[in-house]
Amino acid sequence: MRFEIMRLDEVDGTAVDSTVVDAASVNRIVQQAAAVGQRLWIRPAETPAS
């Protein structure tokens, strides 16, 4: 499964940038963000229609 992770602006909470990663990478990214106090929004990535 793939997830979209958006980094949120510290002032107003709007998405600053986003990336799509596999499930195995989510924990590492969350740990890095927590270490520096970054706010994230994580949701399942949309899958393209086949």
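Residues numbered from 1 in each chain as written. Predicted model: local features only at pLDDT ≥ 70, side-chain atom pairs only at ≥ 80, totals over all residues. Heavy atoms only, no water.

## What to know about the sheet that holds strand E1 (residues 2–8)
Reasoning step 1: Spatially, the 3 strands line up as an open sheet ordered E2-E1-E3, and their pairing is antiparallel. The sheet is open, and its two borders are formed by strand E2 (15–22) and strand E3 (39–44), each paired with just one other strand. When the angles between neighbouring strand axes are averaged without regard to direction, this sheet yields 25°.
Reasoning step 2: As defined by bridge partners, E1 adjoins E2 across 7 bridges and the pair is classed as antiparallel. Bridge pairing links arginine 2 to aspartate 22 in E2.
Reasoning step 3: Strands in contact with helix H1 (residues 23–36) are E1, E2 and E3; relative to E2, the strand with the most contacts, it is inclined by about 140°. (Pairing = 2+ DSSP bridges. Helix = DSSP H or I, 4+ residues; strand = E, 2+ residues; numbered from the N terminus. Axes fitted to C-alpha atoms, helices over the stretch in contact; angles between N-to-C directions. Contact = heavy atoms within 4.5 Å.)

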